[in-house]
Amino acid sequence: MAARRSASLAVVLVSAGTLASTVVAGGGEVRIVAATIGGLALVSVGWLAGENTRAGRVYARRLADRATERAAAREVERAEQVHRALADER
């Protein structure tokens, strides 16, 4: 969760920096609005790409965890079958 907060803070800081640099450079309202929208779009695309990567990693980790759990359950089932087979032979 701290990573998301720091990512959100980075988005805000970069956006504020873009706006500030455009205002300092001058060029009128149209340029300020265009630069601000462009900067926000660029930062947002980067943030979304990072979120997509994070979500993919979380999904892959959950799949791996489920596969491990299923393998452990199959191993327990096999052990129970062997135990039953040995009990039946006696």
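Everything in this summary refers to the structure shown in the same document. Keep in mind that what you see is a predicted model, and the values were worked out from it rather than measured.

Let us now look at the overall build of the chain. Across its full length, the chain carries two helices and zero strands. Dimensions of the chain, computed from the C-alpha atoms along their principal axes, are close to 95 × 20 × 10 Å. Burial status across the chain gives 6% buried among its 90 residues. Accessible surface computed for the chain: about 7,200 Å², of which carbon and sulfur atoms make up 64%.

Let us now look at the pattern of salt bridges. According to the stated counting rule, one finds four salt bridges in the structure shown. Across the pair Arg-54 and Glu-51 runs a salt bridge, and its minimum N-O distance is 3.3 Å. Linking Arg-54 with Glu-51, this pair stays in helix α2 (residues 28-89), spanning three residues, or about one helical turn. By relative accessible area, Glu-51 is classed as buried at 18%. One salt bridge connects Glu-75 with Arg-78, and the closest N-O pair in it is separated by 3.2 Å. Of this pair, Glu-75 and Arg-78 both sit in helix α2, three residues apart, roughly one helical turn.

Let's shift gears to α2. Its 62 residues give α2 an end-to-end C-alpha distance of 91 Å, which sits within 8% of 92 Å, the value for a rise of 1.5 Å per residue. What α2 keeps buried is the set Gly-39, Val-43 and Glu-51. The secondary structure elements touched by the buried residues of α2 are α1 (2-25).

Bringing the packing of α1 against α2 into the picture now. Packing of α1 against α2 leaves a shortest axis separation of 9 Å and a crossing angle of 160°. By the angle between their axes, α1 is roughly antiparallel relative to α2. In terms of crossing hand, the pair formed by α1 and α2 is right-handed. When α1 is examined against α2, the residues Arg-4, Ala-7, Val-11, Val-14, Ser-15, Thr-18, Leu-19, Thr-22 and Val-23 are found in contact with a partner set consisting of Arg-31, Ile-32, Ala-35, Thr-36, Gly-39, Leu-40, Val-43, Trp-47, Glu-51 and Arg-54. For the contact of α1 with α2, the per-class residue count stands at ten nonpolar, five polar and four charged.

Here we come to a positive patch on the surface. A contiguous patch of positive charge, built from Arg-57, Arg-61, Arg-62, Arg-66, Arg-70 and Arg-74, is present on the exposed surface. Take Arg-61: it is sitting in helix α2.

An ideal rise of 1.5 Å per residue puts 34 Å on 24 residues; α1 measures up with 34 Å between its terminal C-alpha atoms. Among the residues trailing α1, Gly-26 stands out with phi positive, at a value near 80°.

Reading the values: rules and limits
Residues numbered from 1 in each chain as written. Predicted model: local features only at pLDDT ≥ 70, side-chain atom pairs only at ≥ 80, totals over all residues. Heavy atoms only, no water. Helix = DSSP H or I, 4+ residues; strand = E, 2+ residues; numbered from the N terminus. Buried < 20%, exposed > 50% of the residue type's maximum accessible area, 1.4 Å probe, protein only. Areas by Shrake-Rupley, 256 points an atom, 1.4 Å probe, with all protein chains shown as cover. Salt bridge = Lys/Arg side-chain N within 4 Å of Asp/Glu carboxyl O. Expected span 1.5 Å × (residues − 1). Contact = heavy atoms within 4.5 Å. Axes fitted to C-alpha atoms, helices over the stretch in contact; angles between N-to-C directions. Parallel < 35°, antiparallel > 145°, perpendicular 65-115°, else oblique. Left-handed = near helix turned anticlockwise from the far one by under 90°. Nonpolar A, V, L, I, M, F, W, Y, C, P; charged D, E, K, R; others polar. Patch = residues over 30% accessible without salt bridge, like charges linked within 9 Å, V, L, I, M, F, W, Y side chains within 5 Å. Lys, Arg positive; Asp, Glu negative; His and termini not counted. Charge placed at Lys NZ, Arg CZ, Asp CG, Glu CD.

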